[in-house]
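Per-entry structural report
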Amino acid sequence: MSAFLIYFQGKAKMMRPVLNREEYLALRGSERQKAIVKLVREGDKLQKNKLVQMNYSCMPNEDGSLKGSKQPSSTVGMDIDFVAPADLSAEEAREWLDKQMQGVPDRVMAKREELGLLMLERSASKGYHLVFRRREDLSQEDNLRWASELLGVKFDEGAKDVTRVFFTTTADKDDLLFLDDKLFEVGNATALQCYSSNSPISKSTSQQDNGSTSQQDNGSTSRQAIAHDPDAKYKDILFSDIIDKYFELFNEGKTPIEGDRNVLTYELSMTLRPICEYSLAKMLAVIPNYWGPSGEEEWRKTIDNALKEPRRGMPYRLRQVLAALKTQAAVKACGGTMNTPPPMPKRLPPLIKLLTSKVPWYYKPAVANAVFPALAAHLHGVKFSYWDNVEHEATFMHVLIGRQSIGKGSIKKPIEFIMEDIRQRDIPNRQREAEWKQKNPGAKQKKDPRPTDICIQMLIDNLTDAVFNQRIVDAHNNGERYIYTIVDEVEALKKVTSRNNVDEVGLLIRKAFDNSLAGQERVGADSVSGIAPLRWNFNASTTPPNARKFFYKMVNDGTMSRLDISTIILNDDNDDEAPIMGIYDQNFAAELKPYIDRLEAANGSIECPQAKKLSQEMRGENKETARLYESEAYKILSYRANVIAWLKGMVLYVAHGYSWSKAIADFVEWSERYNLWCKMLYFGQQLEKELHEEKEMQQQSGPQNLLNLLPDEFSKEQYRQMRASQGRKGDGDSTLRTWMARDYIFFDEVSNCYCKTEQYKRKFGETSL
């Protein structure tokens, strides 16, 4: 016996032998296993711990546990991993890995007899796993070295212990490349003893019930529990995903262990019972047994006790879990995973390729989007016609969200070079304004009017209302230009005006996106007075907690949808990597200049039929995606995300000499998905919740039939809770007596509940009383 399934009993990893090919394929072939493998390969590495785990190199301890086992089995499990050189780009690394992996299966199969091959599989990430017969005269490490030399491949040096666990993939032929039934031969009494005494389920149900193992990552400790039906679903959502999300939201991601499993399993059962049809059989099929095989009676009893409690409709916690999963699905609909954004197109428009050329690949998405506020600041008097024939100007307000010290400053240098010509223009204008102030020190002494051709576009982050409004008017009067701000922390945007509050920032964002009139009118002859369309682009950075705090009141008022959001997320492979930036020099500036010159020269109304057609197509796709994932938040955010992406396409169209290309089209499509992915990741759950509550309030407006809001059978406590939720005062006993007198309800002494009469149901149904 050489193939052992790993499961968890409390915190301990336990081993159970897999007896035959059918059981082994069933473990690998469940829908849950396939879904998790897909997520891992899409870049969601946190899902890896949920895969079925196997050990092929050792025998279990006497108690069936894995840890500390010293007795080798008759086979050796070998891990072949490939690590790309650090100096390669993401695309080059993928090509390198593909090349390295191509010949391995043929090489292994050619040496199958000599090696004693029993199993060969493609791993979930970047390599292969194989199992071969142990050479008894060699140690575990020497066996691995012998096989490595025979095959001409390197084995994973970090995976040479006999207790090494392998994360299994699927039963598909592209994953399971070779399997010999001799892997399951019973040749050791310890294995049989382990099977009979430590198996989490009986032999008769082992194939069916161990379709997968369910586990969650909790810091450095992984925990796992056996679930009887890993493919069970509620409205196309796996129950295992519902349970994972439940503990993520309400128990810091920790699954039940000894000491809390009674309480936590009971609370979980209370939460899930409405979507399990209050059926004990179904709940036993989906709720894991956190006690292990010895605690099956306690597990059943705990679930049964939860079922005996009075029914109260859909629990609040369950609504939160389902809403969070809906948001999670919408995030993935944007083309990424919960941890990885949609990948950038391989071929970029020349301007974007240039601007991202000096940063490591993991900063490129943020830089590619962050440059647009500065690029668009060079346009003046330019309007673009959207597919609905409404004219827009190139307004971009970009917020970069990333944890502390992750490299948010990587956007600064490209922006600095883009804005250099405007900065140089601002210098003499600032000097002229300073000279005018010196000549006219006080209001009563002023003699010279302020020069009308002063235009300062780059703003500092500490202004008064008067200065901000003066800059708006000056920019409008001197060619309908944009003013521009860049701040290291989004909080600094509050200092753009003297009001210094978040609400004012939100109002300015909404006005700027729509180019609404802004400014001030004053009676005094010496006061700054003037009104003009607000043309304001900015770049700001912040961390995820600060972003959620700063924009908390702006998620559902139209502010968030007007922003362009980017992020930086590093995975395990590059988190410890010291980023090396390229050199921004005169050659870079010279390459950039033609694009800037074209933007500066543009004027008037500009149309691009290809961009207009693309924006219509993307809008249709967004509508279908929102419907498919039933996400109101995605639908709401997608409207303006479509406008923002289209505007980027128009800026690139002008910058490239009024030339449209497939590279621009691909970038526009990606940019929209990326913007939506970031918004759904950081703000989607809050927006989904607020939109749901808004809908409920609309449905509850006007007089309510209180009895119709209650189930057909309800307790007095349920009735009082419902009254309180509708804002009704008092205990409501008189209303109950009235309903009974009118034969709308009767009291059932057996169930100790009130029940609606058939007469009431026929007469009133869902109408108001």
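Nothing here was measured: the structure is a model prediction, and the numbers come from that model.

In this section: the overall build of the protein chain. Counting its regular elements, the protein chain contains 28 helices and 24 strands. Going through the 769 residues of the protein chain one by one, you find that 52% of them count as buried. Residue pairs at least 24 apart in sequence account for 73% of intrachain contacts in the protein chain once pairs closer than 6 positions are excluded. Counting every atom, the protein chain has about 35,900 Å² of accessible surface; 48% of that belongs to carbon and sulfur.

Turning our attention to the packing of aromatic side chains. As enumerated under the stated definition, the model contains 26 aromatic pairs in all. For the pair F747 and Y754, a centre-to-centre distance of 5.0 Å together with 65 degrees between the ring planes defines the contact as edge-to-face. Using a relative accessible area of 34% as the deciding quantity, one classes F747 as partly exposed. In this arrangement the basic side chain of R135 is found over the ring face of W146, its NZ or CZ atom lying 4.6 Å from the centre. If you follow R598 out to its NZ or CZ, it ends over the ring of Y595, 5.4 Å from the centre.

Bringing unusual backbone geometry into the picture now. Even without being a glycine, E252 presents a positive backbone phi close to 55 degrees. If you trace the backbone, E252 turns up in the loop between α9 (239-250) and α10 (261-272). By relative accessible area, E252 is classed as exposed at 64%. Its identity as a non-glycine residue notwithstanding, N515 has a phi of 50 degrees, on the positive side. Note on N515: relative accessible area 15%, which makes it buried.

It is worth spelling out the confidence of the model for the protein chain at this point. Looking at the protein chain, the pLDDT average stands at 84 and 87% of residues meet or exceed 70. Below pLDDT 50 for its whole length, residues 188-227 participates in 118 contacts with residues either more than four positions away or in separate chains.

Spatially, β14-β13-β21 is the arrangement adopted by the three strands of the open sheet, whose pairing is mixed. Strands at the two margins of the open sheet, each flanked by one partner only, are β14 (391-392) and β21 (604-606). Each of β13 (382-385), β14 and β21 touches helix α24 (residues 632-655); the most contacted strand, β13, lies at about 125 degrees to it.

Reading the values: the criteria
Residues numbered from 1 in each chain as written. Predicted model: local features only at pLDDT ≥ 70, side-chain atom pairs only at ≥ 80, totals over all residues. Heavy atoms only, no water. Helix = DSSP H or I, 4+ residues; strand = E, 2+ residues; numbered from the N terminus. Buried < 20%, exposed > 50% of the residue type's maximum accessible area, 1.4 Å probe, protein only. Contact = heavy atoms within 4.5 Å. Areas by Shrake-Rupley, 256 points an atom, 1.4 Å probe, with all protein chains shown as cover. Phe/Tyr/Trp six-rings, centres within 6.5 Å; stacked < 30°, edge-to-face > 60°. Lys NZ or Arg CZ within 6 Å of the ring centre and 35° of its normal. pLDDT = per-residue confidence, 0-100. Pairing = 2+ DSSP bridges. Axes fitted to C-alpha atoms, helices over the stretch in contact; angles between N-to-C directions.

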